[in-house]
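Architecture at a glance
So you can see what is in the structure, the chains are spelled out below.
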Amino acid sequence: RLAVATGAAAAAMRALWEEDELVDVELVADVDGRGAPPRVRAHRLVLAAHSRFFRALFAPGRWSHAGAAVRGREGGGKGEGGEVEDGEGGCGLRRVRMGGVCPAALRAVVAALYTGALELCECGEGAGASVAAPCACGGASLQHALEAADQLGLTAVHEALAAYMQSALCPEGSLATLALCDAHGLGASELAREACALALRSFSRATEAEGADDALGELELERVLAMLGADDLEAFSEQRVLDVAQRWVAHDAAARACKLPMLLRAVRLELLPAAALTDIAAMVERGEGVYGALAEAEHTECARIVSSALEETLSNSLSGALALLADKFEGAAGGTRAGAAGSSARDAVGVGSAAGDGGGGEGEGAA
């Protein structure tokens, strides 16, 4: 639901729109420049009341001249913006050609300004699709509706979509929600914080869900680094965390391989078993997988980071063995050893996994 005007005047405007009466603008979704593009008729007054973008476009100095245009950012929106042109047949109904807007989403968001309800496709086939190839059912996907709201500067629609995503948040969809938040100006919102926290609590479910690779690949580097380095990330083993870092790079290895040193520093490699670190060191040395796209400087840095982690792991293993021997000798005197103070839950889980502990889980039964 949207926070739109109610009362007799609003009801009258809705009735006029539904009956196609006194409309004075036609929005054209020009997605590919071919054929007859879909069109949505509306009232300038209603559009301007909900959008600074349309308010700027309908200003007298622009609206009176065919060819006048407003770019998205200029009017408080994003994307390609809109361009005014004369209607066909001298009907006097001016058109605004909207580039890069999904036709179904354009219809849905304009209808929502009159009805207060935003109807979305629920089949999921339109997610991630090009605006020129929307969902086969003809409905507006959540992603396309967000893009349309962004481009047209429709704050009420944007807020309604954010509230809807928050109500439907689940571990399997948390990464996709985060990607949408980052792409549509919601990166610092409560929705993004909740989605991130949920993904960290249920890391395996979030990163192994259907479509997780695409969602993960769309996340910004800063978001990925923050998640990989979070103390409250609950993973069965640090190997899974490393795998996610490598999957993010693999989404565009040519452009992202140079970020591997930063990603490796975010992962707590010292929590991995020595055998696993030895395998990673060999992959780096041979240039296998995502490590094959490394430049010389990054290759050297990755090798150094892995080698340092391996040394720390071996040192910790030796210290642990010596501590066990010492405990045996001191046990008769009733001495005890306190655990390392200040260890995070992630450190505890990681140490257990490094020792080969097959029990526990992440968020769903982890001790």
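Presented here is a report on the structure given in the accompanying data block. (Residues numbered from 1 in each chain as written. Predicted model: local features only at pLDDT ≥ 70, side-chain atom pairs only at ≥ 80, totals over all residues. Heavy atoms only, no water.)

1. Considerations on the overall build of the protein chain
- Each helix and strand in the protein chain was counted, giving 18 helices and 5 strands.
- Taken across its 367 residues, the protein chain has 43% of its residues classed as buried. (Helix = DSSP H or I, 4+ residues; strand = E, 2+ residues; numbered from the N terminus. Buried < 20%, exposed > 50% of the residue type's maximum accessible area, 1.4 Å probe, protein only.)

2. Details of the packing of aromatic side chains
- Following the criterion strictly, the structure yields 3 aromatic pairs and no others.
- Ring centres of Trp 17 and Tyr 114 lie 4.7 Å apart, and the angle between their planes is 10 degrees; this geometry places the pair in the stacked category. Note that Trp 17 is positioned in helix α1 (residues 8-18) and Tyr 114 in helix α5 (residues 103-115), a separation of 97 residues in sequence. You'll find Trp 17 and Tyr 114 in the same group, each marked buried.
- Where Phe 53 meets Phe 54, the ring centres are 5.1 Å apart and the plane angle is 75 degrees; that geometry is what we call edge-to-face. (Phe/Tyr/Trp six-rings, centres within 6.5 Å; stacked < 30°, edge-to-face > 60°.)

3. A look at the environment of Leu 113
- On the secondary structure map, Leu 113 appears in helix α5.
- Taking the C-alpha atoms as reference, Leu 113 lies 9.5 Å from Ala 49; in sequence the two are 64 residues apart.

4. Quick word on helix α9 (residues 190-201)
- The end-to-end C-alpha distance of α9 is 16 Å, a good match for the 16 Å that 12 residues give at a rise of 1.5 Å each.
- Within the span of α9, buried status applies to Leu 191, Ala 192, Ala 195, Cys 196, Leu 198, Ala 199 and Leu 200.
- Those residues of α9 that are buried lie in contact with α7 (155-167), α8 (174-183), α10 (203-208) and α12 (221-228). (Expected span 1.5 Å × (residues − 1). Contact = heavy atoms within 4.5 Å.)

5. Some points on the environment of Thr 155
- For Thr 155, the position within the fold is in helix α7.
- Along the chain, Thr 155 and Ser 51 lie 104 residues apart, while their C-alpha atoms are 7.1 Å from each other.

6. Things to note about the side chain of Glu 26
- Secondary-structure assignment places Glu 26 in strand β1 (residues 25-30).
- For Glu 26, the side chain forms a polar contact with the side chain of Arg 41, separated by 3.4 Å.
- What Glu 26 contacts, discounting residues up to four positions off in sequence, is Arg 39, Val 40, Arg 41, Leu 93, Arg 94, Arg 95 and Val 96. (Polar contact = N/O pair within 3.5 Å; in protein donor to acceptor, adjacent residues only side chain to side chain.)

7. Here we look at the nonpolar core
- Core analysis: the biggest nonpolar cluster contains 89 residues, and Val 110, Leu 228, Leu 269 and Tyr 291 have the highest contact counts within it.
- No other element matches the 10 residues that α5 contributes to this core.
- Among residues more than four places away in sequence, those in contact with Leu 269 are Leu 242, Leu 264, Leu 277, Ile 305, Val 306, Ala 309 and Thr 313. (Core = buried A, V, L, I, M, F, W, Y, C linked by side-chain atoms within 4.5 Å.)

8. Quick word on the packing of α1 against α5
- Between α1 and α5, whose axes approach to 8 Å, the crossing angle comes to 140 degrees. Put simply, α1 runs oblique to α5. Contact with α1, carried on its side by Met 13, Arg 14 and Trp 17, involves Val 110, Ala 111, Tyr 114 and Thr 115 of α5 and no other residues of that element.
- Taken together, the residues that form the contact of α1 with α5 break down as 5 nonpolar, 1 polar and 1 charged. (Axes fitted to C-alpha atoms, helices over the stretch in contact; angles between N-to-C directions. Parallel < 35°, antiparallel > 145°, perpendicular 65-115°, else oblique. Nonpolar A, V, L, I, M, F, W, Y, C, P; charged D, E, K, R; others polar.)

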